[in-house]
Amino acid sequence: MELLEIKNFSKSYGGDKKACDDVNITVSAGDIFGFIGHNGAGKSTTIKATVGVLDFEDGEIYIDGHSIKKEPIEAKKDMAYIPDNPDLYEHLTGMQYLNFIADIFDIDDVKRNGRIDKYAKMFEIENALGDLISSYSHGMRQKVAIISALIHEPKLLILDEPFVGLDPKAALTVKNIMHDMCNEGKAVFFSTHVLDVAEKLCNRVAIIKQGRIVITGDMEELLGDKSLEDLFMEVTEHV
Amino acid sequence: MFKKSAVLLKTMIRANSTFNILKHEKDKKKKRKMIGGIIGITCIYLMIIIYAGGYSALCGYSGMAYAVPASVGVILFAMNFFFTFFKADGYLFAFKDYDMTMSLPLSVKSIVGTRFLRMYILNLPYSLLVSASMIAGYAIYMTIDAWRIIVWIIGTFMLQLFAMVFASILSALISAAGTKFRFKQAAKTILTFAFCIFCFSLRYIIDATVAKDSVAVIDKIDMFNSGVNRYLFPAQWFDGAVSDYSVLQFILLVVVSIAFYELFAYVLSKFYRQINSRLMAVSTSKKKGKAKHIGRKSAVNAIAYKEFRRLLSSNNYLVNMCLGHVLVILMVAALIIFGVDKIINVAVEGAPVTKEMIIPIIPVIIHFFVGMATTTACSYSMEGKSYWILQSLPIEKSTIVKGKILFQLYLSLPLEVLGNIALSIACHAKIYEIILFAVCGAVLSIYSATCGMNCNVSHPNFEWTNEIEIIKQSTAITLYVLPNMFIMMILGVLIIFGGRIVNPDIEILAVTIIYMALAALFYKRSIKKAAKI
């Protein structure tokens, strides 16, 4: 079952050059999909269009069968997004922010409180949720953003550079959560620069260069005896 | 150092300049919207020209052209003082790029200077328009020579400088005093409100010292200006330099204004780091502990609640949006304590105005205060870089619009209805009038919320670095505030004079129906336009 389908997606920002050109990606249930590329390759553009933050004209993007263009509400109900540098509402406390997200997703009191408690404990921020987000460090904001993304138990989790700013323990917790989601038949799609993490964590990968997907497929099949770093250098230098 | 400061100033201005964005923006849709915004601002400028020029010409027509320079002094001072007082805090302290700016190889005095000058340049078009329009009206009745033109132009720059420095000092003192309290934001807000109320009362204190008897309005303006000028030296010097060709007063105006600025920049730079550090510091004494869980809300209410927290989080936002509300609350309290006759007497300073004359314009009076600002005119843009949160949530854009409108209604509708009821009862209005005015107040409140939202979604701006740009100077807020203020004043006059032909209650009913239709129209337009953002 495909939880994310990006079909012939192209995007330009007004100029002649396309930020993304004919991008095709499929993420199925149970996948942890790594999306890799240089700075400015088109990763964030693809991700922002996928989650409905960025408008686009060419191509189609489906989340669990719902078009992000035509049925954005249905599509967004099934997914969660965490940007690379989450600008959260600084004037709210962590708890108020999480409740705000829970209200939007219409999560009942018992479930939301249970999930907030569970994840706050996992990320060790239960004592900070009563403080204003403006007082949080980058890593703590990232943790709150991750909890807010998990609060409605999405089928598809989309993350842009999720490990930046996280302490080692929190990074491990995120990886464990990703594995758990996979085992439950959900999927994770994330961009990263950390190739070692992608190699160990992902079962599928796509490499993007100058807006075009240069290689995509199963991690094991693509790598063979090589490391992901070798593969990345090979395809980005020569393709 | 001067060169570096100039580069910093130029960059700060360029970063927020509509023309710079227009020059480099490739999206034609965005460009069209920005051009629409420029046209809107041009209309506002035209209104200022007509108002200021008309005032000056009226003085001349009434044989009081000699009073125009004094009026220019008072108007420029008051306008720049209030423009600056409400935004100086946001421009000078705890701004988003503070860390970046302070890490640059610049002296603190240069940084303070560039922050101040940026504010100065933003206010300048308004000062120049008022000044130029008033000299045009003045020139019809008085001789204009090279001296007067030079003094008028340089004097405009100096009056603005003096007023802005004065307002910045008070704002800095309030910010510095606020840092001494545990709840800094609340302390700053209370101090700001207290100072605003003092300023409003000042007018009556000055009047009381110069005017004892009932006199014509135009004479009152002259007496008021004279009264203010007695204490407001720069305006007095400007008047003397223009009217009496006094070189000494002109030199005094220039030297004192520049020296005042230099002193301000020097002193503030000594305490700048300290004030900012305290403002940005997180309270360590605050008891930390596990947050309590919060009850469930609908999506629209969740957004409204978020808006409530946003309003409380910012002194600038709260003061700019709720000053009218505070004034209405004070008015209602004063009605209960002193009675309506005393209040009318103080407000119109002995002019022959009775409560019967006030009754037909009660909804207009209340709305003039409560509707002077609306959160919806800026709350959409206030999302700024956090807009991704709402964009990626499974909600229609209409839900966001509804949530923000709902919050504004929570904020203003009860007060507008209660204000109308309180003033109507105090003026001994008939029962059906009380009901009519309450309904009219509610409708005007809904109109304000939807009209503000329409302005905001027509001219959204998420690329701000300082919230004051959105709260005080955005296209959306200008398009809402100034036309609505003028319309309310005109409406009041029309109702009073129209009352000689038509029953005033019928007029209020007509106003209610018209504003209801406008509210419906703006609501629909807001939903439609928000869908495209």
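Just above, that's the structure.
Residues numbered from 1 in each chain as written. Chains lettered and ligands numbered in written order. Predicted model: local features only at pLDDT ≥ 70, side-chain atom pairs only at ≥ 80, totals over all residues. Heavy atoms only, no water.

What to know about the overall build of chain A
Within chain A, the secondary structure is distributed over 9 helices and 10 strands. Going through the 239 residues of chain A one by one, you find that 58% of them count as buried. Long-range contacts, defined as pairs at least 24 residues apart, comprise 67% of the intrachain contacts of chain A with a sequence gap of at least 6. Accessible area of chain A: about 9,700 Å², with a carbon and sulfur share of 46%. (Helix = DSSP H or I, 4+ residues; strand = E, 2+ residues; numbered from the N terminus. Buried < 20%, exposed > 50% of the residue type's maximum accessible area, 1.4 Å probe, protein only. Contact = heavy atoms within 4.5 Å. Areas by Shrake-Rupley, 256 points an atom, 1.4 Å probe, with all protein chains shown as cover.)

Description of unusual backbone geometry
Note on backbone geometry: most residues besides glycine have negative phi, and most peptide bonds are trans. Residue and element names in this part refer to chain A. Backbone geometry places Asp22, a non-glycine residue, at a positive phi of 55 degrees. Positive phi is not limited to glycine here, since Asp64 has a value of about 50 degrees. Mapped onto the elements of the fold, Asp64 is located in the loop between β4 (58-63) and β5 (66-67). Asp64 gets classed as buried once you look at its relative accessible area, which sits at 17%.

A short note on the packing of helix α3 (residues 28-61) of chain B against helix α23 (residues 475-498) of chain B
All names here are of chain B. Close contact between α3 and α23 brings their axes to 10 Å; oriented N to C, the two are set at 35 degrees. As for how α3 packs across α23, the hand of that crossing is left-handed. Taking contact as the criterion, the partners of Gly37, Gly40, Ile41, Ile44, Met47 and Tyr51 in α3 are, on α23, Thr475, Thr478, Leu479, Leu482, Pro483 and Phe486. Per-class residue counts for the contact of α3 with α23 are 8 nonpolar, 4 polar and no charged. (Axes fitted to C-alpha atoms, helices over the stretch in contact; angles between N-to-C directions. Left-handed = near helix turned anticlockwise from the far one by under 90°. Nonpolar A, V, L, I, M, F, W, Y, C, P; charged D, E, K, R; others polar.)

Regarding the nonpolar core
Grouped together as the largest cluster of nonpolar side chains are 128 residues, with contacts concentrated most on Phe85, Phe116, Trp152, Leu268, Tyr272 and Met321 of chain B. Filtering out sequence-adjacent residues up to four positions away, Phe116 of chain B remains in contact with Leu92, Leu161, Met164, Val165, Ser168, Tyr261 and Phe264 of chain B. Listed in part, the 108 residues of the second largest apolar core include Phe35 and Phe232 of chain A together with Ile400 and Ile533 of chain B. (Core = buried A, V, L, I, M, F, W, Y, C linked by side-chain atoms within 4.5 Å.)

Description of the interface of chain B and chain A
How big an interface is tends to be expressed through the accessible area that disappears when the partners come together. Between chain B and chain A, the contact holds 32 residues from the first and 42 residues from the second. For the pair chain B and chain A, the summed buried area comes to about 3,400 Å², and 61% of that belongs to carbon and sulfur atoms. Among the residues of chain B in contact with chain A, Arg296, Trp388 and Pro394 of chain B are the three that bury the most area, contributing 21% of the side total. At the boundary of chain B with chain A, the tally comes to 1 salt bridge. We note a salt bridge from Asp103 of chain A to Lys297 of chain B, for which the minimum N-O separation is 3.8 Å. Linking chain B to chain A there are 8 residue pairs in polar contact (both at pLDDT 80 or more). Elements that contribute at least two residues to the side of chain B that touches chain A include exactly α13 (299-313) and α19 (387-391) of chain B. Sorting elements by how many residues they give to the side of chain B that touches chain A places α13 of chain B first, with 8 residues. Among the residues making up the side of chain B that touches chain A, the classes are represented as 13 nonpolar, 7 polar and 12 charged. (Buried area = accessible area lost by both parts, 1.4 Å probe. Salt bridge = Lys/Arg side-chain N within 4 Å of Asp/Glu carboxyl O. Polar contact = N/O pair within 3.5 Å; in protein donor to acceptor, adjacent residues only side chain to side chain.)

Some remarks on helix α24 (residues 504-530) of chain B
All names here are of chain B. With 27 residues, α24 extends 38 Å between its outermost C-alpha atoms, agreeing within 8% with the 39 Å of an ideal straight helix rising 1.5 Å per residue. Considered for burial, the residues of α24 that qualify are Asp505, Glu507, Ile508, Val511, Thr512, Tyr515, Ala519, Phe522, Ser526 and Ala530. Looking at the buried positions of α24, the neighbouring elements they touch are α17 (362-370), α20 (397-426), α21 (431-458) and α23. (Expected span 1.5 Å × (residues − 1).)

Focus: the pairing of strand β8 (residues 187-192) of chain A
Residue and element names in this part refer to chain A. Counted residue by residue, β8 has 6 buried out of 6 residues, so it is predominantly covered. Side chains Ala187, Phe189 and Ser191 project from β8 onto one buried face, and the interleaved Val188, Phe190 and Thr192 project onto a second face that is buried too. Pairing of strand β3 (residues 32-37) with β8, which is carried by 5 bridges, proceeds in the parallel orientation. Counterpart to Ile32 in the pairing with β8 is Val188. Pairing of strand β7 (residues 156-160) with β8 involves 5 bridges; the strand directions are parallel. From the neighbouring strand, Asp160 faces β8, where its bridge partner is Ser191. Crossover connection from β7 via helix α6 (residues 168-183) to parallel β8: handedness right-handed. (Pairing = 2+ DSSP bridges. Right-handed = clockwise from strand over helix to strand, strands pointing away.)

Some remarks on empty space enclosed by the protein
Scanning all chains against the criterion turns up 6 cavities of 30 Å³ or more. Looking at the largest cavity, its volume works out to about 120 Å³. Along its surface, the largest cavity is lined by 14 residues, and Tyr81, Ser148 and Ala149 of chain A together with Ser392 and Leu393 of chain B are the ones closest to its centre. Elements supplying a minimum of two residues to the lining of the largest cavity: β6 (79-82), α3 (94-104) and α5 (138-150) of chain A together with α19 of chain B. Considered class by class, the residues forming the lining of the largest cavity number 11 nonpolar, 3 polar and no charged. (1 Å grid on protein atoms, 1.4 Å probe; cavity = no way out; pocket = protein on both sides within 12 Å on 5 of 7 lines; lining within 4 Å. Points joined across faces, edges and corners; volume = space filled by probe spheres on them.)

Some remarks on the packing of aromatic side chains
In this structure the tally under the stated criterion is 31 aromatic pairs over all chains. Summarising the aromatic geometry, the rings of Phe162 of chain B and Phe260 of chain B are spaced 4.7 Å apart at their centres and angled 35 degrees between planes, so their arrangement reads as tilted. With Phe162 of chain B in helix α8 (residues 146-178) and Phe260 of chain B in helix α12 (residues 247-280), this residue pair connects regions lying 98 residues apart in the sequence. The rings of Phe77, Phe81, Phe82, Phe85, Phe162, Phe166 and Phe260 of chain B are connected pair by pair, giving a single aromatic cluster. Sitting over the ring of Phe163 of chain A, Lys175 of chain A keeps its end group 5.7 Å from the ring centre. Seen from the ring of Tyr89 of chain A, Lys306 of chain B lies directly overhead, with NZ or CZ sitting 4.1 Å from the centre. (Phe/Tyr/Trp six-rings, centres within 6.5 Å; stacked < 30°, edge-to-face > 60°. Lys NZ or Arg CZ within 6 Å of the ring centre and 35° of its normal.)

Details of the side chain of Ser148 of chain A
Residues and elements named next belong to chain A. Locating Ser148 in the fold gives a position in helix α5. What makes Ser148 buried here is its relative accessible area of 8%. In this structure Ser148 touches Tyr97, Leu98 and Ile101, once residues within four positions along its chain are discounted.

Notes on a nonpolar patch on the surface
Together, Leu58, Tyr61, Ile140 and Tyr141 of chain B make up an exposed nonpolar region whose accessible area comes to about 490 Å². Elements represented by at least two residues in the nonpolar patch include exactly α3 and α7 (108-141) of chain B. (Patch = residues over 30% accessible without salt bridge, like charges linked within 9 Å, V, L, I, M, F, W, Y side chains within 5 Å.)

Quick look at the sheet that holds strand β1 (residues 2-12) of chain A
On the basis of which strands lie adjacent, the open sheet formed by 4 strands has the order β2-β1-β4-β5 (chain A) and antiparallel pairing. For this open sheet the edge positions go to β2 (18-28) and β5 of chain A, each flanked by a neighbour on one side alone.

Some words on the sheet that holds β8 of chain A
Residues and elements named next belong to chain A. Strand order in this open sheet of 6 strands is β6-β7-β8-β3-β9-β10, and the pairing throughout is mixed. Only two strands of the sheet have a single neighbouring strand rather than two, namely β6 and β10 (212-218). In this sheet, adjacent strand axes meet at a mean angle of 15 degrees when their direction is disregarded. Alignment of strand β9 (residues 204-209) against β10, held across 6 bridges, turns out to be antiparallel. Paired with Ala206 across the strands is Thr216, a residue of β10.

With respect to the environment of Phe2 of chain B
Residues and elements named next belong to chain B. Along the chain, the position of Phe2 falls in helix α1 (residues 2-15). Judged by relative accessible area, which is 73%, Phe2 ranks as exposed. Considering only alpha carbons, one finds Phe2 and Leu106, 104 residues apart in sequence, at a separation of 9.4 Å.

Topic: a positive patch on the surface
All names here are of chain B. On the surface, Lys28, Lys29, Arg32, Lys33, Arg525, Lys528 and Lys532 cluster together to form a positively charged patch. At the level of secondary structure, the elements contributing two or more residues to the positive patch comprise α3 and α24. Given the relative accessible area of 64%, Lys28 is considered exposed. (Lys, Arg positive; Asp, Glu negative; His and termini not counted. Charge placed at Lys NZ, Arg CZ, Asp CG, Glu CD.)

Some words on the packing of α17 of chain B against α23 of chain B
Residues and elements named next belong to chain B. In the contact formed by α17 and α23, the axes pass within 10 Å of each other and the chain directions differ by 170 degrees. Considering their axes alone, α17 and α23 lie roughly antiparallel with respect to each other. Crossing handedness for the pair α17 and α23: left-handed. Touching Val364, His367 and Phe368 of α17 are Met485, Met488, Met489, Leu491, Gly492 and Ile495, all from α23. In terms of residue class, the contact of α17 with α23 is made up of 7 nonpolar, 2 polar and no charged. (Parallel < 35°, antiparallel > 145°, perpendicular 65-115°, else oblique.)

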